[in-house]
Amino acid sequence: MQRTVVLLKPDALQRGLVGEIIHRLERKGLKLVGLKMIAASEALLDEHYAHHKDKPFFAELKRFMMSSPLVCMLWEGIEAVEVVRKMAGATNSRQADMGSIRGDFSVSGSANIIHASDSVETAKVEEERFFEKDEIFEYETVLSPFLYGKDEE
Ligand code: CMP
């Protein structure tokens, strides 16, 4: 079982897409184990986007991410990291497949609605970055036997 971090960016909140995106992730069969809103600090974004710090869009990316609160979520499922990345679609929404979140709801390469952890290793780092231990919930769902086969783990 994997956990993956999803951040709904300011454009998702401003455009009233939060419910739609949660609905998609729920209907897919993923399990919501963490959910909160934050006002991202510059220090948090410096850490989160450290790999982009030399890119020309770094300052604008941080301004955008601080322009409204973020909705932070932790989703759980078998291969959840890859599943959610596919559901999010390509970074540049104009190239994202129709049916993906970015493909369906965005026309931008920067205001692209959603962040999703890009690897299992990154997901673990981001989980610790965005969630305290007591903000993560472990619980049984009655649906589990109908979501996965007995041979899957
Ligand atoms: P994401 O892939 O979630 O994380 C890095 C973000 O930087 C990306 O989404 C976009 O929001 C933003 N980004 C990537 N490329 C550009 C670009 N060329 N110009 C502006 N913003 C960008």
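Residues numbered from 1 in each chain as written. Predicted model: local features only at pLDDT ≥ 70, side-chain atom pairs only at ≥ 80, totals over all residues. Heavy atoms only, no water.

Asks: A description of unusual backbone geometry should follow, citing residues and the corresponding values.
Replies: You will see that E79, though not glycine, has its phi angle at about 55°, which is positive. Of note, E79 is situated in the loop between β3 (70-77) and α5 (80-88). Of note in this structure, I113 is not a glycine but carries a positive phi near 75°. By secondary structure assignment, the location of I113 is in the loop between α6 (101-105) and β4 (114-116). (Helix = DSSP H or I, 4+ residues; strand = E, 2+ residues; numbered from the N terminus.)

Asks: How would you summarise the environment of D97 if you had to cite specific residues and measurements?
Replies: Looking at the element boundaries, D97 is found in the loop between α5 and α6. Residue D97 is classed as exposed on the basis of its relative accessible area of 60%. With 77 residues separating them along the chain, D97 and E20 place their C-alpha atoms 17 Å apart. (Buried < 20%, exposed > 50% of the residue type's maximum accessible area, 1.4 Å probe, protein only.)

Asks: Please give an account of the nonpolar core that cites residues and values.
Replies: Membership of the largest hydrophobic core comes to 21 residues, with the highest contact counts inside it found for L8, I21, L25, M73, I113 and I114. Among the elements of the structure, β1 (2-8), α2 (18-28), β3, α5, α6 and β4 are those that each provide at least two residues to this core. For I113, the residues in contact, after removing those within four places along its chain, are L7, L8, K9, D11, A12, R15, L17, I21, I101, F105 and S106. Counting 18 residues, the second largest nonpolar core, distinct from the first, contains F58, M65, F131 and I136. (Core = buried A, V, L, I, M, F, W, Y, C linked by side-chain atoms within 4.5 Å. Contact = heavy atoms within 4.5 Å.)

Asks: With reference to specific residues and values, describe the environment of Y139.
Replies: Here Y139 is to be found in the loop between α7 (120-130) and α8 (144-147). Among residues more than four places away in sequence, those in contact with Y139 are K31, L32 and V33. Side-chain polar atoms of Y139 contact the backbone oxygen of L32, separated by 2.5 Å. (Polar contact = N/O pair within 3.5 Å; in protein donor to acceptor, adjacent residues only side chain to side chain.)

Asks: So what's going on with the side chain of E76? Which residues, and what values?
Replies: Within the secondary structure, E76 sits in strand β3. With residues near it in sequence (within four places) discarded, E76 still touches M1, Q2, R3, L30, K31 and V33.

Asks: Would you mind going over the site of the ligand in detail, with residue names and values included?
Replies: Every residue close to the ligand is listed here: K9, Y49, H52, F57, L61, T91, R102, G109, S110, N112, I114 and H115. Note that an oxygen atom of the ligand is positioned 3.0 Å from one of the side-chain N or O atoms of N112. Class assignment of the residues belonging to the shell around the ligand gives a composition of 4 nonpolar, 6 polar and 2 charged. (Near = heavy atom within 4 Å. Nonpolar A, V, L, I, M, F, W, Y, C, P; charged D, E, K, R; others polar.)

Asks: Give a description of the packing of α2 against α5 that names residues and reports values.
Replies: Where α2 contacts α5, the axes come no closer than 12 Å and their chain directions differ by 135°. With respect to their mutual orientation, α2 and α5 come out oblique. In this structure, α2 crosses over α5, and the sense of that crossing is right-handed. Where α2 approaches α5, its residues R24, L25 and K28 are matched on the opposing element by V83, V84 and M87. For the contact of α2 with α5, the residue count by class is 4 nonpolar, no polar and 2 charged. (Axes fitted to C-alpha atoms, helices over the stretch in contact; angles between N-to-C directions. Parallel < 35°, antiparallel > 145°, perpendicular 65-115°, else oblique. Left-handed = near helix turned anticlockwise from the far one by under 90°.)

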